[in-house]
Amino acid sequence: MSVIPLVFTSGWASGINAYAVVLLLGLFGATGVSDEVPAALQRTDVLIVAGVLFLCEAIADKIPYVDSVWDTAHTVIRPVAGAVVAALLAGESGSLPELAAGAIGGSTALMSHLVKAGTRMAVNTSPEPFSNVGMSIAEDLGVAGVITFAIFNPIAAAGIAAVLLVLGIVTVFILASRIRRFLRRRAQRREEKRLAGTGGHWPPG
């Protein structure tokens, strides 16, 4: 069977929480649940690092505005992780060139990352913090569920990931006005900090 469905699903999930993907796949391989997980993901040091970073993300992802800073820092990390995981999966199966798999996984991870980051910007316009926690828990459970399902039924899991990606893109377009409001607030805070650092005076014109 082609590894493309698993590559696509892992890419989508990596765009949301790359550390969870590495950790889950590594554990599935190390415990013998799946024979399709590359040995590189099963290494003890990789699992430890992925576990620690997953805990860091689990905390940062639930704090308003900190989650958006975290997302910004991972704009490169998540797509790269998606590409690497996809290439490793392709290399293990031999049914898809690693370069093509990396392109699929990386581009899918980038799209899902942008959806996540945009959605979080919209959520951060709400004054209460509970929506951030709820979104984060839903994302973590979604990634865990889809990746686990993909191990046993990769085609169906890829279909679910595709539907979630499309729904996410539509949601971001619907929330575009709230995202712009978040960006304006962030720009205003940066300007206030800059003025505070210069003594609160505008530079001469």
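Everything below is about the structure printed above this text.
Residues numbered from 1 in each chain as written. Predicted model: local features only at pLDDT ≥ 70, side-chain atom pairs only at ≥ 80, totals over all residues. Heavy atoms only, no water.

1. Points about the overall build of the chain
Put simply, the rule is: Elements are defined by DSSP. Helices are runs of H or I of four residues or more, strands are runs of E of two residues or more, and each kind is numbered from the N terminus. Only protein chains enter the accessibility calculation, which uses a 1.4 Å probe. A residue is then buried if its area is under 20% of the maximum for its type, exposed if over 50%, and partly exposed in between. Surface exposure here means Shrake-Rupley accessible area, sampled with a 1.4 Å probe, where a residue is shielded only by the protein chains that are shown. In this tally Asp and Glu are treated as negative and Lys and Arg as positive; neither His nor the chain ends contributes. Note that the charge is assigned to NZ on lysines, CZ on arginines, CG on aspartates and CD on glutamates.
Summing up its helical and strand segments, the chain has nine helices and zero strands in all. Shown N-terminal to C-terminal, the secondary structure of the chain runs as helices and strands in the order α-α-α-α-α-α-α-α-α. Dimensions along the principal axes, computed over C-alpha positions, put the chain at roughly 65 × 35 × 35 Å. Buried positions account for 42% of the 205 residues belonging to the chain. Accessible surface computed for the chain: about 10,300 Å², of which carbon and sulfur atoms make up 73%. The averaged location of the 14 negative side-chain charges in the chain is 15 Å from the averaged location of its 15 positive side-chain charges.

2. A short note on a positive patch on the surface
What counts, and what does not: Residues enter a patch when their relative accessible area is above 30% and they make no salt bridge; the linking distance is 9 Å between like charges and 5 Å between nonpolar side chains (Val, Leu, Ile, Met, Phe, Trp, Tyr). The term salt bridge refers to a side-chain nitrogen of Lys or Arg lying within 4 Å of a carboxyl oxygen of Asp or Glu.
Taken together, the side chains of Arg180, Arg181, Arg184, Arg185, Arg189, Arg190 and Lys193 make up a positively charged region of the molecular surface. For Arg181, the location among the structural elements is in helix α9 (residues 176-197). With relative accessibility at 33%, the residue Arg181 sits in the partly exposed group.

3. Quick word on the nonpolar core
The criterion, for reference: In plain words, nonpolar cores are sets of buried Ala, Val, Leu, Ile, Met, Phe, Trp, Tyr and Cys residues tied together by side-chain atoms within 4.5 Å. The contact rule is simple, with two residues in contact once any of their heavy atoms fall within 4.5 Å.
Val3, Trp12, Leu25, Val143 and Ile147 are the most contacted members of the largest nonpolar core, which has 34 residues in total. At the level of secondary structure, the elements contributing two or more residues to this core comprise α1 (4-30), α3 (44-60), α5 (77-93), α6 (98-123), α7 (130-152) and α8 (154-174). Each residue touching Val143, except ones within four places of it in the same chain, is listed here: Trp12, Ala13, Ile16, Asn17, Ala20, Val21 and Leu24.

4. Let's talk about the side chain of His113
Tracing the sequence through the fold places His113 in helix α6. Beyond its immediate stretch of four places on either side in the chain, His113 contacts Gly15, Asp71, His74, Thr75 and Arg78.

5. Here we look at the environment of Ile174
Turning to its location among the elements, Ile174 is positioned in helix α8. For the pair Ile174 and Thr119, spaced 55 residues apart in sequence, the C-alpha separation works out to 9.9 Å.

6. Focus on the pattern of salt bridges
Counted under the stated rule, the structure contains ten salt bridges. The network of salt bridges with common partners includes Glu57, Asp61, Asp67, Asp71, Arg78, Lys116, Arg120 and Glu139.

7. Side note on the packing of α7 against α8
Which entries qualify depends on this criterion: Interaxial angle, 0 to 180 degrees, is taken between N-to-C directions of lines fitted to C-alpha atoms, where a helix line uses only the stretch in contact. Angles below 35 degrees are treated as roughly parallel, those above 145 as roughly antiparallel, those between 65 and 115 as roughly perpendicular, and all remaining angles as oblique. Here the term charged refers only to Asp, Glu, Lys and Arg, the term nonpolar to Ala, Val, Leu, Ile, Met, Phe, Trp, Tyr, Cys and Pro, and the term polar to all other amino acids, Gly among them.
It is at 6 Å that the axes of α7 and α8 come closest, and there the two elements cross at 150 degrees. One finds that α7 runs roughly antiparallel with respect to α8. Along the contact surface, α7 presents Val146, Phe149, Ala150 and Phe152, while α8 presents Pro154, Ala156, Ala157, Ile160 and Leu164. Among the residues forming the contact of α7 with α8, the class breakdown is nine nonpolar, no polar and no charged.

8. Here we look at the side chain of Ser10
Relative to the assigned elements, Ser10 resides in helix α1. What Ser10 contacts, discounting residues up to four positions off in sequence, is Val21, Val85, Leu89 and Ile147.

9. A look at α7
The following threshold applies: Here the expected length of a helix is defined as 1.5 Å per residue gap, with one fewer gap than residues.
Across its 23 residues, α7 extends 34 Å between first and last C-alpha, which sits within 8% of the 33 Å expected from 1.5 Å per residue. Of the positions making up α7, those classed as buried are Asn132, Ser136, Glu139, Asp140, Val143, Val146, Ile147, Ala150 and Ile151. On its buried face, α7 sits against α1, α3, α4 (66-73), α6 and α8.

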